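An overview of the molecular structure
Letter by letter, the chains look like this.
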Amino acid sequence: MTATTEVLEREAKLQGLGVSRLRKEDARFIRGKGTYVDDIKLPGMLFGAIVRSPYAHARIKSINKAKALAVPGVVAVLVADDLKPVKLDWMPTIGGDVQAVLAGKKVCFQLQEVAMVIARDRYCAADGADAVEVDYEELPAIVDPHKAMAPDAPIIREDIADKTEVGHGPRTHPNHIFTWEAGDKNGVDAAFSNAAVTVREEILNPRVHPCPLETCGCVASFDKVTGQLTVYITSQAPHLVRTVVAMLSGIPESKIRIISGDIGGGFGNKVPIYPGYVIAIVASIVTGVPIKWIESRIDNISTTGFARDYHGIGELAADKDGRIRALRFSALADHGAFNSHVSATKLPAGLFSICTGSYDIPKAYCRVDAVYTNKAPGGVAYRCSLRVTEAVYLIERMIDVLAQKLGIDKAEIRSRNFIKADKFPYTTSLGWTIDSGNYHGALDKVLKAVDYAGLRKEQAEKRAKGELMGIGISTFTEIVGAGPTKVCDILGIGLFDSCDIRVNPTGSAIARLGTMSQGQGHATTYAQIIATELGLSSDEIQIEEGDTDKAPYGAGTWGSRSTPVGGAAAALAARKIRTKAQKIAAHLLEVGEGDLEWEVDRFKVKGNPAQSKTMKEIAMAAHTSNLPPGMEQGLDATEYYDPPNLTYPFGAYVCVVDIDRHTGETKVRRFYALDDCGTRINPMIIEGQIHGGLTEAFAVAFGQAVPFDENGNHLGNSFMDYFLPTAVETPHWETDHTVTPSPHHPIGAKGVAESPHVGGIPCFSNAVVDAFAHLGVTHMDMPHTAYRVWQKCRALGIDRR
Amino acid sequence: MVKKQTVSFKLNGADVDVVVEPRELLIHTLRERLQHTGPHIGCETSHCGACTVDLDGMSVKSCTILTVQCQDAAVLTVEGLEQGGTLHAVQEGFTREHGLQCGYCTPGMITRAYRLLKENPSPSEEDIRYWMAGNLCRCTGYQNIVKAVQYAANKISLARTGT
Amino acid sequence: MKVQIDKRYPQPCSAQIAWGFLQDIEAVAACMPGAKITERVDSAHYKGTVTAKLGPATMSFRGEVEVADVDGNSRSLRLLGKGTDTTGSSGASMNLSAHIEPADSGHCMLVGGCELSVSGKAAAFGGRMMSTLGDQILQQFAENFAKQVGALQTAEGTAAAPASAAAALATPAPALNVLALAWTTVKGWLRGLIFKKAT
C-alpha cells in the first residue's frame, strides 16, 4: 500500500468535508421517532386554543367568557385584560414595532388573536373557543397598500398614532411605517435623463406564505417552585426567543430555557415570536402547569409570517449595446398590521439593496416605502435571505425587459454586464462588497450544458408554427450569512454565532452551536467540517443545537447563515483545539511545535514520519498529567464568530417551458441549475436543498398567492386553495456546480439553501414571459397559473383553434 | 354528556383498547392516547398526508378516520415497519437516497410507499409520483423520494428472487 | 365579500295588504328560512337569529335588525341587519331596501334590493356560492311571503278565513338547509346549461 493510498483511506474514514455521507439524523426520522413540539407531553399539561377575529378591522365592544368557562374541561379563558397586569397584552417585535398579544380595544387583521381558552384537551379547548362571545363593531378595512396613505384612510394603528417613528425613521402618515433608501438618487436621475435607452416595469411580488409542513406551536412550562420557565418551541432562533422572553416577562434570562427540538420545516416562518407563544407562557405562569399551543394550518397561513407583498417599480438606463448605466428600483411594501418580521435594526428592508445583482452597474438607487394594512403581519420569510428574493426578482426581470427592448439575446446582455471574474472583491454601487464570483464561467457552463443555441433555434421554429416555447435565464448573486455585528443586529444583539466543542478522552466529541437546523442536516454537515479539522470521524462527532441551556449564544438559522457564520465558528473552534493539540503532541513526541506537520488525523514529525500522534491519542493525553508545563487539562474550545462580511453564493439557471396557448398550462420541460456556494461540505445535502428550493420557487411562480377581498377576508387560506406542489406536477431538476470559494470564510464556504429559491423564481417567470416575448409581452405578474396565462393568450387573440 | 365508546383494534400487531368520544379522530388517538407520534398533523383539510397510516391493507389519512370506525381493524404506522432491528426496505431507501430533510412528512411518505410497493412491486417513476401525490413535502422536491421508493422496490424484488 | 341582489317578486294580493304585512317585522322574518326574531327592543330595533344547516354542521347567526326609512307613501322601508355566528368565526351584514308596487287589483310587486356582506369563515369558504345561494334564499323567502299575503288576501275576501289565515301566519318557515339549496342551485345551473335559458 503506497503512502498516498493510506492517507486517502484515513481521509475516507473521517467522512469529512466534501463527502456525500449519509445523514446522521435520519435514524430517528425514518422510524417516526423525531421529537417535534406536538410530540411533547408533560404531566398536567393543558391545551390552549385561540379565539380569533372574523373581521379584518373592528372595535371590540365586549367579550363574554361565561359560556366558554361553563364548557366541560375548560379551565380558564385569557383575554387582553388578563395580560395587562403583567404588561404582556402588548409585546415588542423583532422589527422594532409593538404587536398586540391579545387584542384589547380593536383587531387589525382577520383571525387576529382575541382570547385563549385553556382546557384539558384539544377537543374541549375547541368547544370552549366556539363558546366565547365577542361583540365587534366592524370598521372599514385597508387591503390595498396603495390606499394605505390616502389622506382619508382609516387609521389602523391607533396605539402608535402619535408616534413619529416606529424604529426606522420618520413617518409621514399614521399608516406609514418607514421609508428606506440607498444609493445616489441625483446621480441616477441624471443618468436616466442622459441615457440612450430606458425601460420601466411595474413588478409585483405577490403575498405568499412559506407553509412548512409543521405549523408553529409551543409547550410552555413554568415551575412555580423554582421559578424556572421552560418553553419547547418551533423556533429557528431559540436564543433570541430567550432574550426577548426575559425582557418581556421579567424572569431572569438564566432561569429561562428555550428548547427547539426537531422542527418540521422553518423557511423563515418560525423566526418571529407569535402571540400564541406569549399567551401560552403567561397561561403557564398563571396556572402553574404546562400549556401546549399548536396552531392549525388555516391559522398558520392566515396569521403567521407571510412573505413578499412587494409592489415594485423597476427602471434601468442603458447604452444601446445593453450596458446598464443606472438602476432605479422602488417598492411599496405591505407589512400587514404590525411590523414584526426579522430585520436588522439598520436594514428595515433587509438586504434589498443587493438588487444590482451580478452586474457592474455604476449608479444605483433604491427605495422602499413600508405601510400598514389590515392583513397579518410579516414580510420577510420563505427562503428570501431577507428581501433578496424581491431584489433579485426585480433585476433579473428587468434585464430581460431591457434585452427585449434592445433586441439583444438574454444571455448575451447578461454577459455584457457581468462583474468580471478578476474584479473581486467587488463593491457594488449600493455598498456591498461581493467576496468572490465567476459569473461568466457559470453562465457559459450552463448554456453549453443545455445547448442554448439549439434551444433558441427550436424556439424560432416553434414560433413560426404558432407554438409557445419559453427559455428563462437567471444569473443571480445571493447575499447571506448575516452578519457583521457592526451592520447586523436584532434589537441590538449582534448577528454573530458560536460553536463550543469538547473532545473527550476516548477521542469522540460533542459540538454545540447557536444555529438551529430545521432539516438542513446540521448534525451531519457540522460534524463533517469538524471531522476534517480535527481528524476525528464525523460518525463520532455529536452536534447539538436548540437547547439554550447547553448551546452557546447564537442568532439561529435563517437567511442561509448557518454555514457562513456557524460553520466558520465550528472550523475556528476546531482550529483552536488543533493548536492546543499540536502543543501536546510536541510534548509527547519531545520535539518542538515547529517540527510537526498535520496529516489528516495526526501530527507527524517532519523528516521522521513514523513518529506521530493521532488526535485520539492526544485527546486521551489531554486528560492526564502528561502535558506541557503550565497547560490546563481538557481539549475543548469555544469560538464566537463575528463575520467580517456576508457571503455571496451565486448561480446560473436555465428553464425551458412549453405553454399550451389554448389552456394556458405551462409544462416545465427542463430546469438546469448551476450553483456556486464555494466549498461544498456535503454534495448530497446541497443537491437536496437545491431540489427543495426550486420546488418552492416553482410553487411561488406558478400558483401561490394569499388573496383578500375588499373587506380583508382571506380567500385562500387552506390547502383547498393554497398551492403546494405534489410529486405529480413538480418538475425534474438537473443540478450542476462550480466552486469559487469565499476568501474571507475559514473553509471558503458560502451557504446555499436559499439560492435555488432566490434564483428559481425569476427563472420561471422569465421563461413564461419569454414564451410571449415575440408577441410584444414584456412582463407578466406571478402567479402564472393556467388561468392567468390563458387570460394573456386570450388578450393576444391566440387562444382559439 | 357524550357517551364514550370502547374501541379495540390492532396497532402494529399489538392489541389496544381505547375509550373515546365518537368524534375523536384516529390521528389524535394514535398520537395522544397510544403514544405513537410517528404520524403527524400538517393540515386540517385532509390534503397533506402527514397523518397517513395503513388501515386494513389500505393507505388512509388518519385525520379523516374516526377512531370508532377502527373496531377490529389492523392499523400499521411507521413505527411498525422495523422488524427485529431490521429496517424495512422503504425506510432504508429513504436514508440511502436522501429522501428526507426535516423528517415531518417522512412517516406518512414511508407508510404510503410501503402500501404502494405491496400493490405495485415495480412502479415506474410516473406511477410513484402519482401514488405519492397525496403526501406533500416542502423540503425535498420529491426527486429523492422517488429514488428512495425505487431503491426499496429494487431491494424487495432482489430479496424475493433470492439474489 | 359583498353581493348585490336585486329582485322583483309578483305577489297575489293588493299593494295595501302587502305593505301592511311588510311592516310586521316579526312576520316578515318568519318568511326567511331559518330566521326568528327573538326580541323586540323597540318599534325600529329587533334582535334575532338565523340558523343554517350544512350537512351535519349548523351555523347559527345572532344579530340585530334595524328598520329604517319607513315611508307609507312609497310603501318602502329599509332593513339593516348585522350579526356574527355563535362560534365567532363569521360575520354578516345586510342592507335591504324593499317596496311594494301596485299592479292590477289583487296583485302587486314586491321589489327588493339587498347588499349582503359576509366576513370570516363563511366568506373564505362559502364566498364562491354566495350569489347563487343568495338568489335561492330570497326565492324561498318570496314564496313564503306570497303564501302569507295570499292567505291574507283570501281572508279579506272571505269572512270565514281569519282562523286559517292566523294559522298560516303562525307557521314559521322551515330551517334553512344549505345543502338542499345548493343542490337546487346546481340543478338550476345544469338546466340552464342544457337548455341555454337566459337568466
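Residues numbered from 1 in each chain as written. Chains lettered and ligands numbered in written order. Predicted model: local features only at pLDDT ≥ 70, side-chain atom pairs only at ≥ 80, totals over all residues.

1. A word on the overall build of chain A
Rules: Numbering of helices and strands runs from the N terminus, with a helix taken as a DSSP run of H or I at least four residues long and a strand as a DSSP run of E at least two residues long. Atoms counted for the radius of gyration: C-alpha only. Globule rule: 2.2 Å times the number of residues to the power 0.38. Think of it as a crowd count around each C-beta: if 20 or more other C-beta atoms lie within 10 Å the residue is buried, if 12 or fewer it is exposed, and in between it is partly exposed, with C-beta placed from the backbone throughout. Working definition of a contact: two residues with C-beta atoms, positioned from the backbone, lying within 7 Å.
Along its length, chain A carries 19 helices and 34 strands. Taken over the C-alpha trace, chain A has a radius of gyration of 28 Å; the compact-globule value for 801 residues is 28 Å, and the two agree within 12%. Summarising its shape, the C-alpha atoms of chain A cover approximately 85 × 75 × 50 Å along the three principal directions. Relative to its 801 residues, chain A shows a buried fraction of 59%. Taking the intrachain contacts of chain A between residues at least 6 apart in sequence as the baseline, contacts between residues at least 24 apart amount to 80%.

2. With respect to the overall build of chain C
Regarding its fold elements, chain C presents six helices and eight strands. A burial count over chain C gives 33% of its 199 residues as buried. Intrachain contacts of chain C at a sequence separation of at least 6 include 57% that bridge at least 24 residues.

3. As for the pairing of strand β32 (residues 650–659) of chain A
Regular strands have side chains that alternate between both faces of the sheet. Residues and elements named next belong to chain A. In plain terms, the rule: Any two strands between which DSSP finds at least two bridges are classified as paired.
Burial runs high along β32: nine of the 10 residues are buried. Both strand β22 (residues 468–477) and β32 contribute to a ladder of 10 bridges, which runs antiparallel. Of the residues in β32, the one forming a bridge with Phe 476 is Gly 651. Bridging between β32 and strand β33 (residues 666–676) involves 10 bridges; their strand directions are antiparallel.

4. Concerning the interface of chain B and chain A
In plain terms, the rule: Gly is placed with the polar residues, together with every amino acid not listed as nonpolar (Ala, Val, Leu, Ile, Met, Phe, Trp, Tyr, Cys and Pro) or charged (Asp, Glu, Lys and Arg).
Between chain B and chain A, the residue contacts involve 43 residues of the former and 42 residues of the latter. Listing elements by their share of the side of chain B that touches chain A, those giving two or more residues are α2 (89–96), α3 (106–119), α4 (125–131) and α5 (143–161) of chain B. No other element matches the four residues that α2(B) contributes to the side of chain B that touches chain A. Across the side of chain B that touches chain A, the residue classes break down as 20 nonpolar, 17 polar and six charged.

5. Section: the packing of helix α11 (residues 410–417) of chain A against helix α12 (residues 439–450) of chain A
All names here are of chain A. Test applied: Whenever a helix is involved, its axis is fitted only over the stretch in contact; in every case the axis is a line through C-alpha atoms, and angles between N-to-C directions fall within 0 to 180 degrees. Comment on the angle field: the value is read as roughly parallel under 35 degrees, roughly antiparallel over 145, roughly perpendicular from 65 to 115, and oblique elsewhere. Helix crossings are classified by the rotation of the near helix relative to the far one: an anticlockwise turn of less than a right angle makes the crossing left-handed, while a clockwise turn makes it right-handed.
Taken N-terminus to C-terminus, the directions of α11 and α12 make an angle of 160°; their axes are 10 Å apart at the nearest point. Relative to α12, the element α11 lies roughly antiparallel. Here α11 and α12 pass one another in a crossing that is left-handed. For the pair formed by α11 and α12, the contact residues are Ala 411, Arg 414 and Ser 415 on the first element and His 440, Leu 443 and Leu 447 on the second. A breakdown of the residues in the contact of α11 with α12 according to their chemical character gives three nonpolar, two polar and one charged.

6. Here we look at the arrangement of the chains
No other pair among the two pairs of chains in contact exceeds the contact count of chains A and B. Regarding chain B and chain C, which are not in contact, the minimum distance between any of their C-alpha atoms is 12 Å.

7. Here's the deal with the interface of chain A and chain C
Residue-level contacts link 14 residues of chain A with 14 residues of chain C. If you tally residues by element for the side of chain A that touches chain C, the top one is strand β8 (residues 133–138) of chain A, at three residues. Of the residues in the side of chain A that touches chain C, the class split is seven nonpolar, four polar and three charged.

8. Considering unusual backbone geometry
Cis geometry is found at the peptide bond from Phe424(A) to Pro425(A), where omega equals -5°. Relative to the elements of secondary structure, Pro425(A) occurs in the loop between α11 and β20 (426–427). Of the consecutive residues Met782(A) and Pro783(A), the connecting peptide bond is found in the cis state with omega at -5°. Within the element layout of this structure, Pro783(A) appears in the loop between α18 (755–772) and α19 (786–795). Positive phi, close to 70°, is recorded for Arg308(A), a residue that is not glycine. Here Arg308(A) shows up in the loop between β15 (306–307) and β16 (310–318). Residues other than glycine seldom take positive phi values, yet Gln35(B) does so here, at roughly 55°. Tracing the backbone through its elements, the reader meets Gln35(B) in the loop between α1 (26–33) and β3 (52–55).

9. What to know about the sheet that holds strand β26 (residues 509–513) of chain A
Residue and element names in this part refer to chain A. Strand order across the open sheet formed by four strands is β27-β26-β25-β31, with mixed pairing between neighbours. Each having just a single partner strand, β27 (541–545) and β31 (635–641) make up the two edges of the open sheet. Shown here is a sheet whose adjacent strand axes are inclined to one another by a mean of 15°, direction ignored. Relative to β26, strand β25 (residues 497–503) runs antiparallel, the two sharing five bridges. By the bridge assignment for β26, Ile 501 is matched with Ala 511. Contacting β25, β26 and β27, helix α14 (residues 522–534) runs over the sheet at an angle of about 130° to β27. Relative to β31, helix α15 (residues 562–589) is tilted by about 145°, and along the sheet it contacts β25, β26 and β31.

10. Quick look at the confidence of the model for chain C
Cut-off, in case you're wondering: For every residue, the predictor states its confidence as a pLDDT score lying anywhere from 0 to 100.
Counting all residues, the mean pLDDT for chain C is 79, and 82% of those residues have values of 70 or more. For this predicted complex, the interface confidence reaches an ipTM of 0.98, while the overall pTM sits at 0.94.

11. Some points on the sheet that holds strand β14 (residues 291–294) of chain A
All names here are of chain A. Across the sheet, which stays open at both edges, the seven strands sit in the order β3-β7-β1-β14-β11-β12-β13 with mixed pairing between neighbours. Every other strand in the sheet has two partners, leaving β3 (74–79) and β13 (256–259) as the edge strands with one partner each. The sheet shows a mean angle of 20° between the axes of neighbouring strands, taken without regard to direction. Bridging between strand β11 (residues 217–223) and β14 involves four bridges; their strand directions are antiparallel. Counterpart to Val 219 in the pairing with β14 is Lys 292. Running over the sheet, helix α5 (residues 122–131) touches β1 (46–52), β3 and β7 (113–119) and is turned about 25° from β1.

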